[in-house]
Amino acid sequence: MTEAAGGKRVDERSVAAPERGAAGPPGEAGGLQGWPEANLGGRPAEEVLGWAIRTFRPRVALASSFGVEDVALIDMWWRMDREVRVFTLDTGRLPEETYEVMDRIRERYEIAIVTYFPVAAAVEALERERGFYSFRRSVEERKYCCGIRKVEPLGRALTGLEAWVTGLRREQTETRAAVRQVERDPAHGGIIKVNPLADWTTEQVWRYVRAHDVPYNRLHDQGYPSIGCAPCTRAVLPGEDIRAGRWWWERPQTKECGLHLAPREEA
Ligand code: SF4
């Protein structure tokens with residue numbers, strides 16, 4: 001155990017920071033060969049994340065919206081390597097609870113959280129010309145807003161990286177049913193996208209978070225399994241889909257913000 005910021009005692013069952021290239025990758029063929037195309041999952045999440053850190057550090061970062069999957073991955077990364085690289089897209093419409101958990105994570109692990117904001121002039125024009133809730137009018141309007149507040153900043157965040165890590169899981173929604181643990185990302189120049197939790201269930205994620213006492217967004221305790229921008233997220237009802245509270249006025253097939261789609265799928 002070690003003392004982290006705020007006097008919090010942290011379980012230190014971690015391994016030493018891995019050296020880049022110090023250990024072999026999890027794929028039988030070595031390197032990336034056989035991985036993006038052949039891997040359909042089934043590897044332990046820690047193994048996949050450790051491989052990504054060893055292989056790509058320092059040109060790898062975790063994209064976090066501070067949902068429960070993301071905080072689990074931050075903890076997992078921290079146990080292998082204290083220099084966790086994490087960024088988030090501050091859209092300007094996030095719930096207060098998301099900022100709160102960001103600060104708790106920052107203090108608990110003593111890590112910097114890099115924020116990317118949208119281009120101010122683009123947001124100013126969006127609000128001036130289309131109003132403050134234009135995203136409710138149509139899927140196109142909603143994607144326009146996500147494009148300005150999320151997709152463009154993500155492109156900047158990924159510039160210079162060889163790989164990014166996400167908390168995507170196949171179980172989350174039908175638009176994510178084909179997510180692999182390691183895949184190429186054609187929407188971002190073919191860099192590697194690493195989804196260590198691709199085949200985890202919701203129960204597995206929560207088991208991890210509780211076992212390691214990881215700080216999480218308190219909206220999760222209020223019926224929000226998936227959390228995005230405040231005006232586009234609501235609590236779900238018992239029996240509803242995990243992502244039912246995101247853009248709830250749309251059909252399930254359209255419910256992605258453009259961060260995790262190939263260009264042809266965004267059209
Ligand atoms: Fe805009 Fe809603 Fe997308 Fe946030 S989730 S960027 S508010 S449309």
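Residues numbered from 1 in each chain as written. Predicted model: local features only at pLDDT ≥ 70, side-chain atom pairs only at ≥ 80, totals over all residues. Heavy atoms only, no water.

### Quick word on the confidence of the model for the chain
Logical step 1: Per-residue pLDDT for the chain has a mean of 84; in total, 78% of the residues score no lower than 70.
Logical step 2: With pLDDT under 50 throughout, residues 1-31 is counted as low confidence; its partners more than four residues away or in other chains account for 65 contacts.
Logical step 3: Throughout residues 262-267 the model reports pLDDT below 50, and contacts reaching past four residues in sequence, or to other chains, amount to eight contacts. (pLDDT = per-residue confidence, 0-100. Contact = heavy atoms within 4.5 Å.)

### Quick look at the site of the ligand
Logical step 1: Taken together, Phe-135, Arg-142, Cys-145, Cys-146, Arg-149, Lys-150, Cys-229, Cys-232 and Trp-247 are the residues near the ligand.
Logical step 2: Class assignment for the residues of the shell around the ligand results in six nonpolar, no polar and three charged. (Near = heavy atom within 4 Å. Nonpolar A, V, L, I, M, F, W, Y, C, P; charged D, E, K, R; others polar.)

### Section: the pairing of strand S8 (residues 191-194)
Logical step 1: Here strand S6 (residues 163-165) pairs with S8 via three bridges, running parallel. Across the sheet, the residue bridging to Trp-164 is Lys-193, located in S8.
Logical step 2: The sheet contact formed by strand S7 (residues 182-185) and S8 spans four bridges and is antiparallel. Note on S8: the bridge partner recorded for Arg-184 is Ile-192.
Logical step 3: Linking S7 to S8, which pair antiparallel, is a turn of five residues; within it Gly-189 sits at a positive phi near 75 degrees. (Pairing = 2+ DSSP bridges. Helix = DSSP H or I, 4+ residues; strand = E, 2+ residues; numbered from the N terminus.)

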